[in-house]
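Now for the letters of each chain:
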Amino acid sequence: MPPVSSTLRIPLAARALGDALFPHVAVGDAHAARMLAALGDDGSLWLRDRASVYGILVRTRCFRELAVRFLADRTDGHVVNLGCGLCDYFQWLDNGRARMTDADLPEVLAVRRQLLPGGGARQHVRELDLRQPGWWDALGLPSARGEAPVFLICEGVLMYLQPPVVRQVLRTSGERAPAGSTLAFDALSWLAAGHARQHPSVRHTDAQFLWGPRRLEELTAPSPRLALEAAHPVMEGYGWPYALSEGMFRAFFGVPFYALYELRIRPGI
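Residues numbered from 1 in each chain as written. Predicted model: local features only at pLDDT ≥ 70, side-chain atom pairs only at ≥ 80, totals over all residues. Heavy atoms only, no water.

S.K.: How should the overall build of the protein be read in this particular structure?
M.R.: Assigned secondary structure in the protein consists of 10 helices and 7 strands. In summary, the protein has a C-alpha radius of gyration of 18 Å against a globular reference of 18 Å for 269 residues, a match within 12%. Projected onto the principal axes, the alpha-carbon positions of the protein cover approximately 50 × 45 × 35 Å. Per-residue burial over the protein gives 52% buried out of 269 residues. About 11,700 Å² of surface is accessible on the protein, with carbon and sulfur atoms providing 54% of the total. Here the protein contributes 29 positively and 27 negatively charged side chains, and the mean placements of these two sets differ by 2 Å. (Helix = DSSP H or I, 4+ residues; strand = E, 2+ residues; numbered from the N terminus. Rg over C-alpha atoms; globule rule 2.2 N^0.38 Å. Buried < 20%, exposed > 50% of the residue type's maximum accessible area, 1.4 Å probe, protein only. Areas by Shrake-Rupley, 256 points an atom, 1.4 Å probe, with all protein chains shown as cover. Lys, Arg positive; Asp, Glu negative; His and termini not counted. Charge placed at Lys NZ, Arg CZ, Asp CG, Glu CD.)

Structure (structure tokens):
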């Protein structure tokens, strides 16, 4: 696997084995343990980094809860996972009417197709390269702002992209998504960029952190239609040292060290 794709094992191991470590934030992934075993990985390397296991479970639950809330208002809504990796959110979101598009790089999808069965008529798999400006149309997403809103998940992806690419993804989402749509993504702060070697899990891959917000305003600057709905904490529940340090970091630098961001697309602009 290429460098960024090699990080797929980290969240897979967390979802496969992390429920036993942190039952209060368990996700109940029906496929992860089988897929991890199929890759010949016992998960022991990744479980040494308990903080990351906890964080992945929390962010998975947060993405899931936000998508469930979106579908509560639109039972036939469209959820799109931009950089799906080996995660199947449709196992939790399928209400009998919702639609799901799972998208990622061709080499990632080749592995995914070997490990995950097809999801049926309402779940589609599409090739995606967010570095290419035409990704929105390539996925067949709404071509007009007046169409039904979509819910976009971008989990564990933007931090590995160059800043101009991230701005392009935000701008495209803001300009093309119908009003009422949501873009949810997680991000480390700008201070993490270039320091993947200090991360207990990512250091075992060849991936590098390339982007993180320096100011919250950066998240909405690419388009006037983007509005920051919330910055959801991820690690505060891991223990008081994390809660204290995260609070101090945000107070000093103005952004969380790590958070899940929820952007809404505003109408009338």
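Text resumes after the structure shown.
S.K.: Looking at this structure, I do not really get the packing of helix α1 (residues 9–21) against helix α4 (residues 50–73). What am I missing?
M.R.: The packing of two helices is summarised by the inter-axis angle and the distance between the axes. Contact pair α1 / α4: the axes reach a minimum separation of 9 Å and the direction vectors enclose 95 degrees. Classed by the angle they form, the pair α1 and α4 counts as roughly perpendicular. Of the residues in α4, those in contact with Ile-10, Pro-11, Ala-14, Arg-15, Gly-18, Asp-19 and Leu-21 of α1 are Arg-50, Val-53, Ile-56, Leu-57, Arg-59 and Thr-60. Here the contact of α1 with α4 is built from residues that sort into 7 nonpolar, 2 polar and 4 charged. (Axes fitted to C-alpha atoms, helices over the stretch in contact; angles between N-to-C directions. Parallel < 35°, antiparallel > 145°, perpendicular 65-115°, else oblique. Contact = heavy atoms within 4.5 Å. Nonpolar A, V, L, I, M, F, W, Y, C, P; charged D, E, K, R; others polar.)

S.K.: How should the state of the cysteines be read in this particular structure?
M.R.: Disulfides are covalent bonds that connect the sulfur atoms of two cysteines. Tallied over the entire structure, the rule returns 0 disulfides. With no disulfide of its own, Cys-87 has Cys-84 as its nearest cysteine by sulfur position, at a separation of 8.6 Å. For Cys-154, which is in no disulfide, the shortest distance to another cysteine sulfur is to Cys-84 and amounts to 11 Å. (Disulfide = S-S within 2.5 Å.)

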